[in-house]
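Structural features, examined
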Amino acid sequence: MRAFDRRHPLLWDVLVTGFFVTAAFTDVLGGGWRYITQNPQAPTWLIVTLSLGFTVPLLWRRTHPVAILLPMLPLAVVNAWTGTDLQSSLTLLVVTFNIALHTALRTLLASYAVTMIPIVVDGFRNATEQAADQSPDQTIVPQATRLAMVAIVGISYRTRQEYLASLVERAAQLEVERDQQARLATAAERTRIAREMHDIIGHNLSVITSLADGGSYAAAKNPERAAQALTAIGTTSRQALGELRRLLDVLRTDPSTTEPPGAEPLGPALGPALGLEPPGVEMAPQPSLTDLDHLIEGVRSAGLPVRTTIHGYATALPPGRQLTVYRVIQEALTNTLKHGGPDATSTVSVSYGDGGAVTATVTDTGRGSTAHGNGTGGRGLTGMRERTALYGGTLESGPLPDHGWRVHLHLPEETPQ
């Protein structure tokens, strides 16, 4: 019924008003009003006027409750002063309920005060005419209490409606916030995956390209060196495929749902069979600083001389920080390998401090900023800055005064939790 009322409010108002009009005229035409009135000689025109005045305005009881109360009050005073006492005057209770339901408390109190006027008039008229052995308070107090109870019921119903509306609004707001958080999490995950893909593919393909170029030059004069280059290409390719598999496995919510029950997963079985990756590589952890020597050896095998200097130990460094330092060094060496030129060399210096602090500097003797070009178009420098910002660190990247390029990373101490 509430849903029907929300869709067709006018129809419901007409039905309710029609019910009260019918009840009022049934009372008038059937003569029932004469059994409770104190003025049986009241003219018919007065009875009809009062009946219409007390019932027809109910059509606007929900949209303009205070406005319909004002013309009904004079009729209520006439009804009390003449002693007609029509039962249709009880519709004032319906109006009071709607005032409590749809208006402010101050308006309700004012309406209650003016509605007491016909009640007081009726009480003093009875006491003056001594129509009953009752004092004014015996007539006024029960009616005032009845009116107050109706107002309290209206306030209670209004409070419940407002509470339900707040719950609905809160639920809608939570749904919006949930969708926003899901979109933010998706965007953050896409950024992370793009950053990892750039680091993995960019570095390994650069190494493979350098090895392939060197192998092609050595094929005619030094087949043994060419074979070594092909072996290094295979090793680097397997490493890249393994890292890509670990990254893409993050996107699989439940591996068991992607293949039929009892079937062997295709990916882990196919890789070793084709010789593209070693068995069990999908369970390997993300690179850490313990893999830094392997990274540098791969770059050296690609033709870039690298000199390293390490101060301190990385054993107490959290895995996330180790991955950040590893990726920054990897990106810096990759840029040198791609843009530094054939005679470039590189120097890597890493210093570990207390509380997770670490400083890493990668310099090269390459062609400089015009060759590197990683400050504007690519994702390399952006990815390094994003990783560094996760731990409140700083990253400086730029050309050296004479020639070459420098990347300087500093991660401060961890904040105690």
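See the structure printed just above.
So, a few notes on the structure that sits alongside this text. Computed from a predicted structure; not experimentally measured.

So, the packing of aromatic side chains
- Under the counting rule described, the total for this entry stands at 2 aromatic pairs.
- Their ring planes at 75° and their centres at 5.4 Å tell us that phenylalanine 19 and phenylalanine 20 sit as a pair that is edge-to-face.
- On the accessibility criterion, phenylalanine 19 (55% relative accessible area) is exposed.
- For the pair phenylalanine 97 and tyrosine 157, a centre-to-centre distance of 6.4 Å together with 40° between the ring planes defines the contact as tilted. Residue phenylalanine 97 is found in helix H5 (residues 91-102), and its partner tyrosine 157 is found in helix H7 (residues 136-221); the two are separated by 60 residues along the sequence.
- Assessed through its relative accessible area of 24%, phenylalanine 97 is described here as partly exposed.

A look at helix H4 (residues 65-81)
- Under the 1.5 Å per step criterion, the end-to-end length of H4 is 24 Å for 17 residues, consistent within 8% with the ideal 24 Å.
- Within H4, the axis deviates most sharply at proline 71, by approximately 30°.
- The first or second residue beyond H4 is glycine 83, which carries a positive phi of 75°.

Remarks on the sheet that holds strand S3 (residues 358-364)
- The mixed open sheet is built from 5 strands, whose spatial order is S1-S2-S3-S5-S4. Edge positions in the open sheet fall to strand S1 (306-311) and strand S4 (394-399), since each of these has one partner strand only. Geometrically, the sheet is characterised by an average inter-axis angle of 5° between neighbouring strands, direction not taken into account.
- Of the strand pairs in this sheet, S3 and strand S5 (residues 405-411) are connected by 7 bridges, and their pairing is antiparallel. Of the residues in S5, the one forming a bridge with valine 358 is leucine 411.
- Taken strand by strand, helix H10 (residues 292-301) contacts S1 and strand S2 (346-352), and its axis lies near 165° from that of S1.

Parameters at a glance
Residues numbered from 1 in each chain as written. Predicted model: local features only at pLDDT ≥ 70, side-chain atom pairs only at ≥ 80, totals over all residues. Heavy atoms only, no water. Phe/Tyr/Trp six-rings, centres within 6.5 Å; stacked < 30°, edge-to-face > 60°. Buried < 20%, exposed > 50% of the residue type's maximum accessible area, 1.4 Å probe, protein only. Helix = DSSP H or I, 4+ residues; strand = E, 2+ residues; numbered from the N terminus. Expected span 1.5 Å × (residues − 1). Bend = angle between axes of the 7 residues up to and from the residue. Pairing = 2+ DSSP bridges. Axes fitted to C-alpha atoms, helices over the stretch in contact; angles between N-to-C directions. Contact = heavy atoms within 4.5 Å.

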